[in-house]
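Commentary on secondary and tertiary structure
As a plain string of letters, each chain reads:
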Amino acid sequence: MIELQQLSKQYSDKVAVDGISAVIRPGVVTGFLGPNGAGKSTTMRMILGLDRPTSGTALVNGRPYAKTSAPLAEVGALLDAKGVDGGRSARNHLLWLGATVGVGARRVEEVLGTVGLTEVAGKPAGKFSLGMGQRLGIAAALLADPGVLILDEPVNGLDLDGIQWIRALLTELAEGGRTVLLSSHLMSEMQLVADHLLVIGQGRILADTSMDDFIADSSDGLVIVVSPDTNTLAPLLTGTGATVTSPEIGRLEVRGLTADAIGDAAALHKLRLHSLIPVEASLETAYLNLTRDSVEYTGANPHNTHSTTTTDARRAA
Amino acid sequence: MTNPTTTVTAPTSRTADIAASRRRTASATTARRQGLGRAIASEWIKIRTLRSTWIGMALVVLVLVGFGGLAAATSTGSVAGPSDGGGGTDPLSVVLSGANFAVLVISVLGCLAGAREYSSRMIAATVAAVPRRWQVVVSKSIVFGAVTAVTAVTGVLGAFWLGMAILAGGDAATVALTDDDTLRELAGMAGYITAIGTFGLGLGILLRSIAGSIGAVVAGVMILPPLAGALLPASWDEILQYLPSSAGAAFTTVQGAGREVLSPGAGAAVLITWVIAALGGAIISISHRDA
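These lines cover the structure that appears in this document, whether it is placed above or below.

**Section: the overall build of chain B**
- Within chain B one finds twelve helices and zero strands.
- Each helix and strand of chain B, placed in order from N terminus to C terminus, yields the pattern α-α-α-α-α-α-α-α-α-α-α-α.
- Relative to its full complement of 291 residues, chain B shows a buried share of 47%.
- A separation threshold of at least 6 residues defines the contact pool for chain B, and within that pool the share at least 24 residues apart is 74%.

**Quick look at the interface of chain B and chain A**
- Listed as interface residues are 48 residues of chain B and, on the opposing side, 57 residues of chain A.
- If you look at where chain B meets chain A, you find three salt bridges.
- The shortest N-O distance in the salt bridge between Lys9(A) and Asp290(B) comes to 2.7 Å.
- At the junction of chain B and chain A, the tally comes to 17 residue pairs in polar contact (both at pLDDT 80 or more).
- Only α1 (12–26), α2 (36–48), α5 (99–120), α6 (123–129) and α12 (264–288) of chain B provide two or more residues apiece to the side of chain B that touches chain A.

**Concerning the nonpolar core**
- Grouped together as the largest cluster of nonpolar side chains are 151 residues, with contacts concentrated most on Leu4(A), Leu94(A), Leu170(A), Val199(A), Phe214(A), Leu283(A) and Ile193(B).
- Dropping the residues within four chain positions of it, Leu94(A) is found in contact with Val108(A), Val111(A), Leu112(A), Leu136(A), Ala139(A), Ala140(A) and Leu143(A).

**Here we look at the packing of aromatic side chains**
- Inspection of the entire model under this criterion finds two aromatic pairs over all chains.
- Where Phe67(B) meets Phe101(B), the ring centres are 5.5 Å apart and the plane angle is 65 degrees; that geometry is what we call edge-to-face. One end of the pair, Phe67(B), is in helix α3 (residues 51–75); the other, Phe101(B), is in helix α5, and 34 residues separate them in sequence.
- Judged by relative accessible area, Phe101(B) falls into the partly exposed class, the value being 37%.
- Plain terms: the ring middles of Phe199(B) and Trp274(B) are 6.0 Å apart, the flat faces sit at 90 degrees to each other, and that makes the pair edge-to-face. Of the two residues, Phe199(B) sits in helix α8 (residues 182–207) while Trp274(B) sits in helix α12, which places them 75 residues apart along the sequence.
- Relative accessible area serves as the criterion here: at 11%, Phe199(B) is assigned to the buried category.
- Residue Trp274(B) is classed as partly exposed on the basis of its relative accessible area, which comes to 32%.
- When the ring centre of Trp165(A) is taken as reference, the NZ or CZ atom of Arg135(A) above it lies at 5.4 Å.
- Residue placement shows Lys46(B) over the ring face of Trp96(A); its charged tip is 4.1 Å from the ring centre.

**Overview of the pattern of salt bridges**
- A complete count under the given rule lists 17 salt bridges over all chains for this structure.
- We note a salt bridge from Arg167(A) to Glu189(A), for which the minimum N-O separation is 3.0 Å. Taken as a pair, Arg167(A) in helix α6 (residues 160–175) and Glu189(A) in helix α7 (residues 187–193) lie far apart in primary sequence, 22 residues in all.
- Three or more residues are tied together by salt bridges with common partners; here these are Glu43(B), Lys46(B), Glu117(B) and Lys140(B).

**Quick notes on helix α5 (residues 130–142) of chain A**
Residues and elements named next belong to chain A.
- For α5, which comprises 13 residues, the first-to-last C-alpha distance of 18 Å matches the rise-based estimate of 18 Å (1.5 Å per residue) to within 8%.
- Extensive coverage of α5 is indicated by the burial of eleven of its 13 residues.
- Every buried residue belonging to α5 is among Gly131, Gly133, Gln134, Arg135, Leu136, Gly137, Ile138, Ala139, Ala140, Ala141 and Leu142, and all of these are buried.
- Contacts made by the buried residues of α5 are with β5 (75–78), α3 (90–99), α4 (105–115), β6 (148–152) and α6.

**Structural notes on the sheet that holds strand β12 (residues 251–255) of chain A**
Residues and elements named next belong to chain A.
- Reading across from one edge, β11-β12-β10-β13 is the order of the four strands in this open sheet, with antiparallel pairing throughout. Edge positions in the sheet fall to β11 (243–248) and β13 (275–278), since each of these pairs with one other strand and no more. With direction set aside, neighbouring strand axes in the sheet form an average angle of 20 degrees.
- Most of the contacts of helix α9 (residues 230–239) go to β12, to which it runs at about 10 degrees, and overall it touches β10 (222–226), β11 and β12.
- Against the sheet, helix α10 (residues 259–268) makes contact with β10, β12 and β13, and its axis sits at roughly 160 degrees relative to β13, the strand it touches most.

**Examining the environment of Gln6(A)**
Residues and elements named next belong to chain A.
- Here Gln6 shows up in strand β1 (residues 2–10).
- Gln6 gets classed as partly exposed once you look at its relative accessible area, which sits at 48%.
- The spatial distance from the C-alpha of Gln6 to the C-alpha of Val17 is 9.4 Å, given a sequence separation of eleven residues.
- Setting aside chain neighbours within four positions, we find Gln6 in contact with Gly19, Ile20, Ser21, Ser55 and Gly56.

**Remarks on a nonpolar patch on the surface**
- A contiguous nonpolar patch, built from Ile223(B), Leu224(B), Leu227(B) and Leu231(B) and spanning about 410 Å² of accessible area, is present on the exposed surface.
- Within the element layout of this structure, Ile223(B) appears in helix α9 (residues 210–231).

Rules used throughout
Residues numbered from 1 in each chain as written. Chains lettered and ligands numbered in written order. Predicted model: local features only at pLDDT ≥ 70, side-chain atom pairs only at ≥ 80, totals over all residues. Heavy atoms only, no water. Helix = DSSP H or I, 4+ residues; strand = E, 2+ residues; numbered from the N terminus. Buried < 20%, exposed > 50% of the residue type's maximum accessible area, 1.4 Å probe, protein only. Contact = heavy atoms within 4.5 Å. Salt bridge = Lys/Arg side-chain N within 4 Å of Asp/Glu carboxyl O. Polar contact = N/O pair within 3.5 Å; in protein donor to acceptor, adjacent residues only side chain to side chain. Core = buried A, V, L, I, M, F, W, Y, C linked by side-chain atoms within 4.5 Å. Phe/Tyr/Trp six-rings, centres within 6.5 Å; stacked < 30°, edge-to-face > 60°. Lys NZ or Arg CZ within 6 Å of the ring centre and 35° of its normal. Expected span 1.5 Å × (residues − 1). Pairing = 2+ DSSP bridges. Axes fitted to C-alpha atoms, helices over the stretch in contact; angles between N-to-C directions. Patch = residues over 30% accessible without salt bridge, like charges linked within 9 Å, V, L, I, M, F, W, Y side chains within 5 Å. Areas by Shrake-Rupley, 256 points an atom, 1.4 Å probe, with all protein chains shown as cover.

Purely geometric stuff here, so don't read any function into it on its own.
This is the structure in structure tokens:
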């Protein structure tokens, strides 16, 4: 479990993280979303004690990370896959990391196998492709079998195979009771793997909610209807209070009625339906809606009170 | 945990317990406490798994032995005995002719050992693995200091034996290892090389820049002292004798900045103070700045 309490980081010219409070729970994959420069990486670095918070605290399993007795066994992190010495082999990189908590060669071979780097483990890490470097970073995070994993953009540079692999791996780790905090720019990927979402913008929390609620909140209940009888159907639906637009002949976009209700109404009046498609919002749409709001409000109100109200609204929902 | 912005409803402590118990049973991994000993073990793996360490250390030995042998060969016949006191050079100085160059090489290696992780950005992984960051500086300096000391002793002894053999072969005066002060002089030189390398390591961590720290050490130890000694009035000699190189000159054959030189004991103490100051500065810097 990771607890952030009023966590802030101020640089000389800007506030990177502005009083974030949240609990990242074990047992689920928590997605960490936000535009570039929103403070995701800074927050992750503060959890690991790499950057010192200006105020507030970040606790890992109830303690500051720097006070844990076996740090790598507490938190495994992938923050900067390029942050390895290019002259050292992947195997030796893992060996020196493991040595800090007494994890030796056997486990190193094990994680090399897990991430699929066994065959190139003797090659200098500097010769690795982006995807191989990413796999090495993941191996380093898994090395001491930590209960908490923090991964910044782990799918960057991975091929489809690798993406599917890490998706399964993260799900499995979370199901095994671990805390998994994951950031990614790939919304479709995030939607597949994360159960919970922490969205930040301009250093503040915009949403802290389950993936399902987050998407449902943003859906406006759009149903697309394809029918040769739209001329009869449209006034009928409008009569029940729905909003109906017709972008083209034979096609209606209905808001305010469920697909079931539309189908029943059509059957009742013996109208033909060729398609009846409820449109689910995607994480991408939901995310864009939220961050666009936040940007607009920030323009009007420098104190950005909107972000807290958004969070409240999400929580109430 | 009652936190205003969370939506937590699950019994988190129980889930955490499950996680902890699974971790204990499910894997062959058993992580142990991270302490200074493990930090040292880790740094030892780091230093020995870089080819540049072996090349660099071999270069130090090569420079010491090579230049010493070369100087001995060229000076055969012009070498004066230690009791001579005339204008000639004593045999020990001749066979240690490579010392200045070796100090230059070890300065570079020390700065690399300190600043290399900042240029590769691997320092983040290091301080995440060893968050009590003073241990990073202490373990790095212990490991680098030990490797350098072994290297310097090897090089100095090699230079001594090769050089003296060449001198003896040329019928020139020699000194024996068992002669007064010979062993002390050789140990002093090895100590000086080790100290300057470790000083560079401290500056490398402090300045976080390979080029910057090499510039600082080379300028401060090798370039500025002779310049200052030559350009500044003699009244400055009192101060110049406390420079690292002058302190080294108190107990080795390297050249000091001014005309005044401390006693060997005081020189060693001053040099050690420089090293401790650099490492102390590095500890303060690494502990307080963001990684």
